[in-house]
Amino acid sequence: MSTRLQHIKDHIWAANQCAEMSISTPSPLTTHVLNTGHGTPAASMGLSLHFLDPTSMTWNLLTTGTTNNDGRCPCLITREAFIPGAYKMRFETGQYWEALGETCFYPYVEIVFTITDASQKFHVPLLLSRFSYSTYRGS
Amino acid sequence: MAAPTPGGPLTTHVLNTADGVPGAHIDLSVHRLDPKLVLWNLITLGSTDEHGRCSGLITKEAFTAGMYKIRFETGQYWENLGQTSFYPYVEIVFTITDLDQTFHLPLLLSRYAYTTYRGR
């Protein structure tokens, strides 16, 4: 199977099998969402990971998930599927605050980042309040 | 009724927090979401000045309620400084409901981190 087809197969596998992914093969890409307005993890927030197809310049959905009680979403992508390129994490911040009975200035947050060395680990957290957010590259 | 601000109802300020300087000469664009077509319409193209600011982002007349996006060409900025950056660009999407207010959306930026907040 060509390398490109293998990557596509891995992406589909990741999107379908997120819940069953073994914790013994941790995702090279992680996130952590913190509610800085309340001083708590941001639990039950919908999020999605996308990869920019360089030939068509369109975003391909890789994974959808929801943060756990700790504000984390452990199975974003497998090591095999994690190739260099442009990625986007989208966080459903508006829905999150609406579920808490509050409004949010940001209906969603998209963080677009470039991976050149896919052998490293990347931590893309989101520190969020109703009127502010921060992100940084961790490892 | 709030007094009209010199910069208009929507302003921004980009700061390079890594070097402790304004984020000067950064290209940016303002877009409004067409709610029927679910497409982004380009409203304004601009560039920050030497102070990291960009005036005239939108007129009071054009500033209707809805969903907006400011896109900052941050990757190009760092490339012009001879450096790489984790983020090829930064887009901040926000919702405007109360048109009597003014909105100041700064971007505090380094090569590996950024922060934004809603100011007045």
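Computed from a prediction, not measured in an experiment: that's the story for all the values here.

Caption draft 1: Region of interest: the overall build of chain B. Secondary structure assignment for chain B yields 1 helix and 8 strands. Its helices and strands taken in sequence order, chain B reads β-β-β-β-β-α-β-β-β from the N to the C terminus. Rg of the C-alpha trace for chain B: 14 Å, near the compact-globule value of 14 Å for 120 residues, within the 12% margin. Seen along its three principal axes, the alpha-carbon backbone of chain B occupies a region of about 45 × 35 × 20 Å. Here the analysis covers contacts within chain B between residues at least 6 apart in sequence; of these, 59% occur between residues at least 24 apart.

Caption draft 2: Structural detail: the confidence of the model for chain B. Confidence in the prediction for chain B averages 94 pLDDT; 95% of positions are at 70 or higher. As scored by the predictor, the complex reaches a pTM of 0.90 and an ipTM of 0.94.

Caption draft 3: Focus on the pairing of strand β3 (residues 27-34) of chain B. All names here are of chain B. Buried residues dominate β3, accounting for 7 of its 8 residues. Where β3 meets strand β4 (residues 39-47), 8 bridges bridge the pair, whose relative direction is antiparallel. Within the sheet, the bridge partner assigned to S29 lies in β4 and is L45. Hairpin remark: β3 followed by β4, antiparallel, with 4 residues in the connecting loop; positive phi at V38, about 50°. In this sheet, strand β5 (residues 66-72) lies alongside β3 in antiparallel orientation, the contact comprising 5 bridges. Its bridge partner being in β5, L28 is matched across the sheet by F72.

Caption draft 4: Layout of the UniProt feature "binding site: substrate" (unreviewed entry) in chain B. Here the UniProt feature "binding site: substrate" (unreviewed entry) sits at H13, R53 and Y117 of chain B. As for its placement among the helices and strands, H13 of chain B is situated in strand β1 (residues 10-16). Residue H13 of chain B is classed as buried on the basis of its relative accessible area of 14%. Those residues in contact with H13 of chain B, other than ones at most four positions away along the chain, are H51, G52, R53, H104, L105, P106 and L107 of chain B. Of the polar contacts made by the side chain of H13 of chain B, one reaches the backbone oxygen of H51 of chain B; its length is 2.9 Å. Of note, Y117 of chain B is situated in strand β8 (residues 113-117). Apart from residues no more than four positions distant in its own chain, Y117 of chain B is found in contact with Y106, F131 and S132 of chain A together with H104, L105, P106 and L108 of chain B.

Caption draft 5: View of the sheet that holds β8 of chain B. With respect to topology, 8 strands assemble into an open sheet ordered β3(A)-β2(A)-β9(A)-β10(A)-β8(B)-β7(B)-β1(B)-β2(B), the strand pairing being mixed. At either margin of the open sheet sits one strand with a lone partner, and together these are β3 (40-41) of chain A together with β2 (21-22) of chain B.

Caption draft 6: Representation of the nonpolar core. Core analysis: the biggest nonpolar cluster contains 57 residues, and L29, Y87 and F113 of chain A together with L10 and F94 of chain B have the highest contact counts within it. Those residues in contact with L10 of chain B, other than ones at most four positions away along the chain, are V30, L57, I58, F63, I70, F94, F103 and L105 of chain B.

Caption draft 7: Just the interface of chain B and chain A, in detail. In this complex, chain B contributes 21 residues to the contact, which on the side of chain A involves 20 residues. Taking both sides of the interface into account, the surface hidden between chain B and chain A amounts to around 1900 Å²; carbon and sulfur atoms contribute 59%. At the boundary of chain B with chain A, the tally comes to 0 salt bridges. Residue composition of the side of chain B that touches chain A, grouped by class: 16 nonpolar, 3 polar and 2 charged. As defined by bridge partners, strand β10 (residues 132-136) of chain A adjoins β8 of chain B across 5 bridges and the pair is classed as antiparallel. Counterpart to Y133 of chain A in the pairing with β8 of chain B is T116 of chain B.

Caption draft 8: Geometry of the packing of aromatic side chains. For the structure shown, the criterion picks out 19 aromatic pairs over all chains. Note on F105 of chain A and Y106 of chain A: the rings are 5.2 Å apart at their centroids and 75° apart in plane angle, and the pair reads as edge-to-face. Exposure remark for F105 of chain A: the relative accessible area of 4% places this residue in the buried category. Overall, Y106 of chain A belongs to the buried group, its relative accessible area being 0%. Both rings, one in Y77 of chain B and one in W78 of chain B, keep their centres 5.2 Å apart while their planes meet at 70°; by these two values the pair is edge-to-face. Positioned over the ring face of Y108 of chain A is R90 of chain A, at 3.8 Å from the centre of the ring. Lying over the aromatic face of Y89 of chain B, R71 of chain B brings its terminal NZ or CZ to 3.7 Å of the ring centre.

Caption draft 9: Quick peek at the side chain of R118 of chain B. Relative to the assigned elements, R118 of chain B resides in the segment after β8. Buried charge without a partner: R118 of chain B forms no salt bridge, and the closest opposite charge is D98 of chain B, 7.4 Å away. Separated by 2.7 Å, the side chains of R118 of chain B and Q101 of chain B make a polar contact. In this structure the side chain of R118 of chain B is engaged in a polar contact, spanning 2.8 Å, whose partner is the backbone oxygen of T102 of chain B. With near-sequence residues (within four places) excluded, R118 of chain B lies in contact with F105, Y106 and F131 of chain A together with Q101, T102, F103 and H104 of chain B.

Criteria and cut-off values
Residues numbered from 1 in each chain as written. Chains lettered and ligands numbered in written order. Predicted model: local features only at pLDDT ≥ 70, side-chain atom pairs only at ≥ 80, totals over all residues. Heavy atoms only, no water. Helix = DSSP H or I, 4+ residues; strand = E, 2+ residues; numbered from the N terminus. Rg over C-alpha atoms; globule rule 2.2 N^0.38 Å. Contact = heavy atoms within 4.5 Å. pLDDT = per-residue confidence, 0-100. Buried < 20%, exposed > 50% of the residue type's maximum accessible area, 1.4 Å probe, protein only. Pairing = 2+ DSSP bridges. UniProt positions renumbered as here; feature names shortened; annotations may be inferred. Polar contact = N/O pair within 3.5 Å; in protein donor to acceptor, adjacent residues only side chain to side chain. Core = buried A, V, L, I, M, F, W, Y, C linked by side-chain atoms within 4.5 Å. Buried area = accessible area lost by both parts, 1.4 Å probe. Salt bridge = Lys/Arg side-chain N within 4 Å of Asp/Glu carboxyl O. Nonpolar A, V, L, I, M, F, W, Y, C, P; charged D, E, K, R; others polar. Phe/Tyr/Trp six-rings, centres within 6.5 Å; stacked < 30°, edge-to-face > 60°. Lys NZ or Arg CZ within 6 Å of the ring centre and 35° of its normal. Lys, Arg positive; Asp, Glu negative; His and termini not counted.

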